[in-house]
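Structural overview
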Amino acid sequence: MKTLFPGYSRKSDIDLNKMWKESVLIFDANVLLNLYRYSDYTRDTILDLIEKFSDRIWLPYQAALEYNRNRYEVIVEQEKAYNEFINKIEQIQKDLKSKNKPPFLSNLVHENLNQVFGKVISEVKDSINKYADYLKDDPIYDRLCTLFYRKISQPYEEELLQEIYAEGKTRFEKKIPPGFEDEKNKEDDNKYGDLVLWKQIIDKGKETGKSIIFITDERKIDWWWKIRDGRNMGPRQELIAEINQEANIDFHMYSSERFLSYGQNYLEENVNQKALDEIKALKRAEAEEFHKREVTIERNREIMIEKLQKKYIYIQHQISKLEKKIYEINIKQKELKISYPNDMEFQEYGHSLTKHAADLQFEKENLQHMLMDLEKERIELEEWFDKEKVKDGYRYRTYYMEK
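Model, not experiment: these values are computed from the prediction.

Digging into helix α7 (residues 158–173)
For α7, with 16 residues, the first-to-last C-alpha span of 23 Å sits near the 22 Å given by 1.5 Å per residue. Contact partners of the buried residues in α7: α8 (193–208) and α9 (237–247). Lys 175 sits one or two positions beyond α7 and adopts a positive phi of about 60 degrees.

Concerning empty space enclosed by the protein
What the rule picks out here adds up to three cavities of 30 Å³ or more. If you add up the space inside the largest cavity, you get close to 80 Å³. Taken together, 11 residues form the lining of the largest cavity, with Ser 9, Arg 10, Lys 11, Met 233 and His 252 sitting closest to its centre. Looking at the lining of the largest cavity element by element, the count peaks at three residues for strand β5 (residues 232–235).

With respect to the pattern of salt bridges
Scanning all chains against the criterion turns up 26 salt bridges. Note that Glu 167 and Arg 171 form a salt bridge whose closest N and O atoms lie 3.1 Å from each other. Of the two residues, Glu 167 and Arg 171 are both situated in helix α7; the distance of four residues between them amounts to about one turn of the helix. According to the relative accessible area criterion, Glu 167 is partly exposed, its value standing at 29%. The exposure class of Arg 171 is buried, given its relative accessible area of 7%. The salt bridge involving Lys 364 is made with Glu 323; its shortest N-O contact spans 3.2 Å. In this pair, Lys 364 sits in helix α12 (residues 344–389) while Glu 323 sits in helix α11 (residues 273–339), placing the two residues 41 residues apart along the sequence. Overlapping salt bridges, with partners in common, bring together Glu 298, Arg 301, Glu 375, Arg 378 and Glu 382 in one network.

What to know about the pairing of strand β3 (residues 212–215)
Going residue by residue along β3, you find Ile 212 and Phe 214 tucked away on one face and Ile 213 and Ile 215 tucked away on the opposite face as well. Two strands pair when backbone bridges link them, and strand β1 (residues 24–27) and β3 are joined in this way by four bridges, in the parallel orientation. Each bridged residue has a counterpart across the sheet, and for Ile 26 the counterpart in β3 is Phe 214. Both β3 and strand β6 (residues 251–254) contribute to a ladder of four bridges, which runs parallel. Bridge pairing links Ile 212 to Phe 251 in β6.

As for the packing of α7 against α8
For any two helices packed against each other, the geometry comes down to the angle between their axes and how far apart the axes lie. Axis separation between α7 and α8 bottoms out at 10 Å; the angle between their running directions is 115 degrees. In terms of orientation, α7 and α8 fall into the roughly perpendicular class. Here α7 runs over α8; the crossing is right-handed. Within the contact between the two elements, α7 uses Leu 161, Ile 164, Tyr 165, Glu 167, Gly 168 and Arg 171 and α8 uses Leu 195, Val 196, Trp 198 and Lys 199. The residue inventory of the contact of α7 with α8, partitioned by class, reads six nonpolar, one polar and three charged.

Regarding the layout of surface pockets
Looking at the second largest pocket, its volume works out to about 270 Å³. Tallied by class, residues from the lining of the second largest pocket come to three nonpolar, four polar and five charged.

Here's the deal with the sheet that holds β1
Strand order in this open sheet of four strands is β2-β1-β3-β6, and the pairing throughout is parallel. Single-partner strands in this sheet number two, and they are β2 (57–58) and β6. Against the sheet, helix α10 (residues 256–266) engages β1, β3 and β6, with an angle of about 105 degrees to β6.

Considering the environment of Trp 225
Examined against the element boundaries, Trp 225 turns out to sit in strand β4 (residues 224–226). Taking the C-alpha atoms as reference, Trp 225 lies 4.4 Å from Arg 236; in sequence the two are 11 residues apart. Discounting chain neighbours no more than four positions away, the residues touching Trp 225 are Gly 7, Tyr 8, Arg 231, Asn 232, Met 233, Gly 234, Pro 235, Arg 236 and Gln 237.

The rules behind the values
- Residues numbered from 1 in each chain as written.
- Predicted model: local features only at pLDDT ≥ 70, side-chain atom pairs only at ≥ 80, totals over all residues.
- Heavy atoms only, no water.
- Helix = DSSP H or I, 4+ residues; strand = E, 2+ residues; numbered from the N terminus.
- Expected span 1.5 Å × (residues − 1).
- Contact = heavy atoms within 4.5 Å.
- 1 Å grid on protein atoms, 1.4 Å probe; cavity = no way out; pocket = protein on both sides within 12 Å on 5 of 7 lines; lining within 4 Å.
- Points joined across faces, edges and corners; volume = space filled by probe spheres on them.
- Salt bridge = Lys/Arg side-chain N within 4 Å of Asp/Glu carboxyl O.
- Buried < 20%, exposed > 50% of the residue type's maximum accessible area, 1.4 Å probe, protein only.
- Pairing = 2+ DSSP bridges.
- Axes fitted to C-alpha atoms, helices over the stretch in contact; angles between N-to-C directions.
- Parallel < 35°, antiparallel > 145°, perpendicular 65-115°, else oblique.
- Left-handed = near helix turned anticlockwise from the far one by under 90°.
- Nonpolar A, V, L, I, M, F, W, Y, C, P; charged D, E, K, R; others polar.

Structure, rendered in structure tokens:
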């Protein structure tokens with residue numbers, strides 16, 4: 001059974017221990033980029049652990065490329081986050097200074113608070129300056145360059161990339177992992193980045209004949225096998241089956257916190273709980289922020305769709321009024337023809353009614369085109385909001401637990 005369906009069997013402790021002894025450890029770009037989001041202490045803990053496996057670590061070219069593409073963006077993002085924090089602190093400080101509204105604090109408490117706020121702001125500004133310096137002199141980048149020196153694969157030739165993109169189109173249509181989730185929020189051939197990465201991982205397996213442990217902070221369901229109650233059972237079954245068939249090796253995945261926990265256990269070190277808690281806290285904060293953002297997006301979607309619906313209903317009402325007028329004119333014309341078939345004056349009046357009906361028909365057709373434009377706008381809005389919900393490829397709806 002296990003041989004026929006390798007992806008559906010969770011690995012035992014014996015299986016995992018064997019993998020930790022011999023596997024190639026491959027890192028995703030998001031793991032390296034998250035190093036900029038940790039404290040110095042936690043960052044050094046992870047980098048020290050990676051260094052202890054230095055004879056078995058490897059970086060696919062695609063992961064290295066995405067790290068380099070996004071490194072400066074993440075640095076600036078952190079700088080911005082610290083500035084926003086200072087603004088919040090200063091606003092709280094300003095609110096507390098008011099003596100005309102609650103809370104009414106004593107002068108002593110005000111002095112103590114100002115000292116604390118001053119120290120907090122000073123320390124945060126030091127962090128901002130540190131990130132600003134990273135744009136010129138980045139110690140994290142320097143250390144990663146040393147760790148992965150001659151441990152990065154070569155880029156694929158353009159011809160091979162085009163073949164992978166063509167394969168990706170078929171795979172995505174059939175929801176074959178990885179990468180199909182990126183089709184929703186990435187443009188052009190960039191949406192095939194995860195597939196290119198996966199192909200490079202398989203190539204490394206073929207080259208070495210050794211099992212692979214992939215460390216990634218990816219959350220999407222096109223990498224992880226999640227059951228209905230939200231628990232994570234490990235890598236997608238299709239990934240394990242494919243790499244087993246293509247390279248005849250085993251495959252497993254860990255997030256950064258699981259890499260830290262299992263890696264230190266394997267080395268018989270005390271698990272660094274402080275660093276582990278920080279990584280978990282960061283991911284919980286990201287999950288909460290994502291949820292807030294998703295709620296805001298959904299609320300904005302409802303407001304905008306409601307406005308479009310009101311316009312739609314109003315235009316439909318106007319069309320109904322025009323149709324009623326056109327109908328009444330047609331009835332009037334028929335009555336005139338029957339009652340005054342030879343009266344020139346009434347015939348001229350009938351012609352004026354015909355012109356008026358034509359004008360009303362033209363106005364009705366314009367309104368119908370407006371309805372079509374509104375429907376098109378509604379569809380485009382829905383698509384835009386759907387893309388916003390999966391922006392950056394993250395999905396934090398479930399917090400996973402791995403073996």
